[in-house]
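Geometric and topological summary
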Amino acid sequence: MSFKNFKCVPKMIFGRGSFAELDGVLAQERQTESDFVVFLVDDVHQNKPLSERVPNKPHDLVIFVNVDEEPTTKQVDDLTEQVQAFNTNVPVSVVGLGGGSTLDLAKAVSLMLTNEGGSAKYQGWDLINNPAIHHIGIPTVSGTGAEASRTAVLCGPVRKLGLNSDYTVFNQIIMDSELIAGVPTEQWFYTGMDCFIHCVESLEGTYLNEFAKAFAEKSMDLCRQVFLDDHAEKDDKLMMASYMGGMSIAYSQVGACHAVSYGLGYVLGYHHGIGNCLAFNVLEEFYPEGVAEFRKMMEIHNITLPQNICKDLPDETIAKMVAVTKSMGPLWDNVYGEGWEEKVTDEMLTKLFRRI
């Protein structure tokens, strides 16, 4: 096919206080008394006010998920089995409430309830055979664009790679900026930078087109208002920047930073946001203006990145990270275009990692 037939989230609600609409949205999915919903909630909200507002019924399943580590295919498979053990029927909806990792878990579980075998076999592009269970994404941290994307990024037995599919896209998202107030500063910054970096990679990439450019430029403008100007409505603006950044890469692609970050995340376990920041900080050769702006944002918000984390690692550990990073073909194609394989060498990537 010459042109991408892009699927986006069909239904979305935006606005402060809009979380209250969730019960009504789910009522449209509940057709019988026995219909049940699965809520996957970031355990940071357990025993907090937000958990009391989850509109679960007595026969629903609420699971508080831990995302201290990057989501894994094993975690997805375990959650899927937990749902299947709870009820032999499938739920009418799976709701993800949390940051990008929790949203990715919700997307992945909704897929695995209708597709046989472990989730690792579906890591890649368009390998999902059957439509997912109806699923809803509600971000409580903004920046990843997970609410808009067609991927659920997981660490598997071999590498970190998403379940990339049109079926992965949420059926419904609720963007309530009240929910992201109070996120710890470092997490707020690292996750927000994921969005900023999405835009840099999209705008500098060979896949760039006017669709991707329109979303990326506006998203980047919003990021600047949030991280440089400290705008009064920064929560609303970051939530929209995240969504538009996700939309931008949906019709283009990410680039060198995400490729390097996947290597860091898979081998050393760094979360996606901080992993991107660690990688981006050494990529001035690729994105000079973006890196300079990123460092200015770090200075304004008193963010200090860990230093020399790869400098003295064993060669075999670096080699593992290089192998994961090198395997991200579409990302490097967006950086260099045709013939990228000649430029993305083990030596080049090893030097990059040693600088982190």
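Just above, that's the structure.
Residues numbered from 1 in each chain as written. Predicted model: local features only at pLDDT ≥ 70, side-chain atom pairs only at ≥ 80, totals over all residues. Heavy atoms only, no water.

1. Topic: unusual backbone geometry
If you check the backbone angles, N47 has positive phi at about 60° while not being a glycine. Relative to the elements of secondary structure, N47 occurs in the loop between β2 (37–42) and α2 (49–52). The phi dihedral of N308 falls on the positive side, at around 55°, and the residue is not glycine. Residue placement: N308 occurs in the loop between α10 (288–300) and α11 (315–326). (Helix = DSSP H or I, 4+ residues; strand = E, 2+ residues; numbered from the N terminus.)

2. Re the state of the cysteines
What the rule picks out here adds up to 0 disulfides. With no disulfide of its own, C8 lies closest to C195 among cysteine sulfurs, the gap being 17 Å. (Disulfide = S-S within 2.5 Å.)

3. Section: the pattern of salt bridges
Enumeration over the complete set of coordinates arrives at 16 salt bridges. R30 is the salt-bridge partner of D60, the closest N and O atoms lying 2.7 Å from each other. Separated by 30 residues along the polypeptide, D60 in the loop between α2 and β3 (61–65) and R30 in the loop between α1 (22–27) and β2 bring together distant segments of the chain. Residue D60 is classed as buried on the basis of its relative accessible area of 7%. For R30, a relative accessible area of 16% corresponds to the buried category. Notably, a salt bridge pairs E284 with R295, separated by 3.3 Å at the nearest N-O pair. Taken together, the positions of E284 in the loop between α9 (272–280) and α10 and R295 in helix α10 put the pair 11 residues apart, joining distant regions of the chain. (Salt bridge = Lys/Arg side-chain N within 4 Å of Asp/Glu carboxyl O. Buried < 20%, exposed > 50% of the residue type's maximum accessible area, 1.4 Å probe, protein only.)

4. As for the sheet that holds strand β1 (residues 11–14)
To summarise the sheet geometry, strands pair through backbone hydrogen bonds and adopt either a parallel or an antiparallel arrangement. Across the sheet, 6 strands lie side by side as β1-β9-β6-β4-β2-β3; this open sheet has parallel pairing. The open sheet terminates on both sides in strands that have one partner only, identified here as β1 and β3. Across the sheet, the axes of successive neighbouring strands diverge by a mean angle of 15°, strand direction being ignored. Bridge analysis of β1 against strand β9 (residues 172–175) gives 4 bridges, and the strand direction is parallel. By the bridge assignment, F14 is partnered in β9 with M175. Across the face of the sheet, helix α4 (residues 100–112) comes into contact with β2, β3, β4 (93–98) and β6 (135–139) while running at roughly 170° to β4. (Pairing = 2+ DSSP bridges. Axes fitted to C-alpha atoms, helices over the stretch in contact; angles between N-to-C directions. Contact = heavy atoms within 4.5 Å.)

5. Re the packing of helix α3 (residues 73–86) against α4
A pair of packed helices can be characterised by two numbers: the angle between their axes and the separation between those axes. Taken N-terminus to C-terminus, the directions of α3 and α4 make an angle of 60°; their axes are 9 Å apart at the nearest point. Classed by the angle they form, the pair α3 and α4 counts as oblique. Here α3 and α4 pass one another in a crossing that is right-handed. In contact with Q75, V76, L79, T80 and V83 of α3, α4 contributes L105, A108, V109 and M112. When grouped by side-chain class, the residues that make up the contact of α3 with α4 number 7 nonpolar, 2 polar and no charged. (Parallel < 35°, antiparallel > 145°, perpendicular 65-115°, else oblique. Left-handed = near helix turned anticlockwise from the far one by under 90°. Nonpolar A, V, L, I, M, F, W, Y, C, P; charged D, E, K, R; others polar.)

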